[in-house]
Amino acid sequence: MQSARLGDFGAGQDGTLNATALRADARRESFGLLALLSPGLLLVFTVIIIPIGWLFWLSLFDEGGAFSAANYARFFEQASYIRTFITTFKVAFFVTGACVLLGYPLAYMLSQLPRRVASICLIFVILPFWTSVLVRTYAWLVILQRKGLINSWLIDLGVISQPLSLANNFAGVVIGMTHIMLPFLVLPLYASMKTIDTDCLRAGMNLGASPAATFRQIFFPLSLPGLASGVVIVFVLCLGFFVTPALMGGGKVIMWAMRMEQTTSLYSNWGAGAALGVVLLAVTLALLGLFQWLLGARATGVWSSR
Amino acid sequence: MSSETSLPISHRQRLWLYGLGTLVLLFLIAPSVIIVIMSFSGSTLLQFPPQQWSLRWYESYFGSVEWRDATIVSVKVAVMTMIVATPLGTAAAYAINIGTLRMTGAINALLTASLIIPVILIGIGTFFLYARIGLTNTLTGLVIAHTVQALPLVVLTVLSGLRSYDMNQEKVARSLGANRFSAFRQVTMPQIRFSIVSGALFAFITSFDEVVVSLFISGGETTTLTRRMFNALRDQIDPTIAAISTCLIVLSIVLLSAAQIFGRGR
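Residues numbered from 1 in each chain as written. Chains lettered and ligands numbered in written order. Predicted model: local features only at pLDDT ≥ 70, side-chain atom pairs only at ≥ 80, totals over all residues.

A.B. asks: Would you mind showing me how to read the overall build of chain A here?
C.D. replies: Secondary structure summary: chain A contains 14 helices and 0 strands in total. When the helices and strands of chain A are listed from N to C terminus, the series reads α-α-α-α-α-α-α-α-α-α-α-α-α-α. Taking 2.2 N^0.38 as the reference for a compact globule, 306 residues should give roughly 19 Å; the C-alpha atoms of chain A span a radius of gyration of 26 Å, well beyond that estimate. Buried positions account for 41% of the 306 residues belonging to chain A. Nonlocal contacts in chain A, meaning residues at least 24 apart in sequence, comprise 69% of its contacts between residues at least 6 apart. (Helix = DSSP H or I, 4+ residues; strand = E, 2+ residues; numbered from the N terminus. Rg over C-alpha atoms; globule rule 2.2 N^0.38 Å. Buried ≥ 20, exposed ≤ 12 C-beta atoms within 10 Å, placed from the backbone. Contact = placed C-beta atoms within 7 Å.)

A.B. asks: Just checking my understanding: could you explain the UniProt feature "transmembrane region" (unreviewed entry) in chain B for this structure?
C.D. replies: Residue and element names in this part refer to chain B. Under the present numbering, the feature "transmembrane region" (unreviewed entry) in UniProt falls on residues 15–40, 77–97, 109–131, 143–162, 194–220 and 240–262. End C-alpha to end C-alpha, residues 77–97 measures 29 Å, and it is 100% helix and 0% strand. In residues 194–220, helix accounts for 81% and strand for 0%; the two terminal C-alpha atoms are 37 Å from one another. (UniProt positions renumbered as here; feature names shortened; annotations may be inferred.)

A.B. asks: When you look at the confidence of the model for chain A in this model, what are you seeing that I'm missing?
C.D. replies: Any segment with low pLDDT has predicted coordinates that should not be analysed in fine detail. All names here are of chain A. Per-chain confidence: chain A averages 86 in pLDDT, with 91% of residues scoring 70 or above. In the model, residues 1–12 has pLDDT below 50 throughout and makes 16 contacts with residues more than four positions away in sequence or in other chains. Contacts of residues 302–306 to residues separated by more than four positions or lying in other chains number 13 contacts, the stretch itself having pLDDT below 50. (pLDDT = per-residue confidence, 0-100.)

A.B. asks: I tried to follow the domain arrangement of chain B on my own but got confused; where do I start?
C.D. replies: Note: interface size is frequently given as the accessible area lost on complex formation between the parts. Residue and element names in this part refer to chain B. Each domain of chain B was delimited in the assignment, giving domain 1 (2–56) and domain 2 (65–264). One C-alpha centre belongs to domain 1, the other to domain 2; they are set 31 Å apart. The interface is formed by 7 residues belonging to domain 1 together with 6 residues belonging to domain 2. Residue composition of the side of domain 1 that touches domain 2, by class: 3 nonpolar, 4 polar and no charged. (Domains from an automatic or database assignment. Nonpolar A, V, L, I, M, F, W, Y, C, P; charged D, E, K, R; others polar.)

A.B. asks: Explain unusual backbone geometry here, please?
C.D. replies: Across the chain, the bulk of peptide bonds are trans and the bulk of non-glycine residues have phi less than zero. All names here are of chain A. The residue Asn-168 is not glycine, and still its phi comes out positive at about 55°. With respect to the helices and strands, the residue Asn-168 is situated in the loop between helix 7 (149–156) and helix 8 (170–194). Overall, Asn-168 belongs to the partly exposed group, with 19 C-beta atoms counted inside 10 Å. Positive phi is not limited to glycine here, since Ser-268 has a value of about 50°. Of note, Ser-268 is situated in the loop between helix 12 (256–266) and helix 13 (270–295).

A.B. asks: What is the right way to look at the interface of chain A and chain B in this model?
C.D. replies: Between chain A and chain B, the contact holds 75 residues from the first and 78 residues from the second. With 18 residues, helix 2 (residues 19–58) of chain A is the single largest residue contributor to the side of chain A that touches chain B. Grouping the constituent residues of the side of chain A that touches chain B by class yields 53 nonpolar, 16 polar and 6 charged.

A.B. asks: Any chance you could explain the packing of helix 6 (residues 133–144) of chain A against helix 12 (residues 225–235) of chain B here in plain terms?
C.D. replies: Packed helix pairs are specified by the crossing angle of their axes together with the interaxial distance, meaning the distance between the axes. Axis separation between helix 6 of chain A and helix 12 of chain B bottoms out at 11 Å; the angle between their running directions is 20°. In terms of axis orientation, helix 6 of chain A runs roughly parallel to helix 12 of chain B. With respect to the hand of their crossing, helix 6 of chain A and helix 12 of chain B are arranged in left-handed fashion. Contacts from Leu-134, Tyr-138 and Leu-141 of chain A in helix 6 of chain A reach Thr-226, Met-229, Phe-230 and Leu-233 of chain B in helix 12 of chain B. Tallied by class, the residues present in the contact of helix 6 of chain A with helix 12 of chain B amount to 6 nonpolar, 1 polar and no charged. (Axes fitted to C-alpha atoms, helices over the stretch in contact; angles between N-to-C directions. Parallel < 35°, antiparallel > 145°, perpendicular 65-115°, else oblique. Left-handed = near helix turned anticlockwise from the far one by under 90°.)

Okay, structure coming up:
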């Protein structure tokens, strides 16, 4: 607000001589900035806000066109919907848990390595991040399916006689999604671990703490905010994930997003599909909002490191 | 950094950590490596390592009119998305960076909304809208939808470039008589051009790899490569997809390296 302050200064010195001109200038500046923003905002508004608002409106009417909460009541009444929600949360929990178990040691190792080595290792995290989800799902299908690599290896080695069912089921979905979600946990966690002051750790060790105690009492608590942001983003992304469960679930693992696709494309039941979408969005925003409120951080930060 | 290595823990004591970390890195990279190797297999069976080598899956990819058409559609859409999203995102980032506008927070949230909103909802929403205004199965519709998804990445990338740039330089140029646009073009843009190029590359790859929204709004003549791949994967495991996947992996590597090189040039 520099020009506004200058305006006040001018007004104090010689009346309101150029205050109006400066105020007009500031207004012109604001209009200019708004003009720069408007194409992007307009596009987002038309493609995202209007259709979603419209769908929300539709979800409030039943199939006969009467105003009702039937689309939402169904979620509590029909067993198939309840099953979908349970499956979705179960997958999200398992995937998030697997990401924490795999991602924490990796991020910790990266944060302790010299910067040069760490940046080489980071390529292995970032490259899959930027590889198409489809490509990675296909890779896991090749590896895990009945006649896939793991089964043929194990049979050749004589470990098993019957192929294990690794794909087209719950396990396959969890493995494939863990691979896709892992970078979303590792990148923010690594970034936050890098900001932990090593002097704190050194002080702990100077005072006689063992390396394990230093880690447990100093490093781990300081890394929790980064871990939390990774966990939230992974969990939220899992809830609405479509591609991997659709391809690797073998039709047995029906997740939330697949349910939405089925109700709208297959059955053209827009009201029901829209209601699912509204609840999904509400849960997503609630989780992100809760996280932001608890930690005062924005979970979208992960994207800037992409 | 020296401060890290001076912690009194030897690397030997950490061997377990390095072992575990390396395993996780392998988990991350192995699928891509396996697909690249498999794409040169000579057999339809999934064998690893392949018993004989050939380029037949690449021939089947490049020889198929359907795959070629889908690839051309995807490239066209990605290029147009890049051309549209980059200036829009740069302009928005510039305005946000000045920061004098009220409600910058709300504007930011709106512009980055497509990162938070579940992509399946965006897909259904755009399909719902496009069906009413006749934009389904059109290149224009795809470009618009992909631009919305690419916009946040351009905004965030350019914004991070602008944050490390001293805006006063532009003020100097303007006080010396340049108008706003030429001050931006001649003073600011050359200094943030690497962020702009990175943002453009991110926009390209976001569009090229986009699956879910394309599933809903593309079809017929405008079937994108990812949509065709998705449908092919639903039916059966065709090794042609290994060849296509390898091409996509190479594309990712090339674009990422380009973004990296440009990023370092700053």
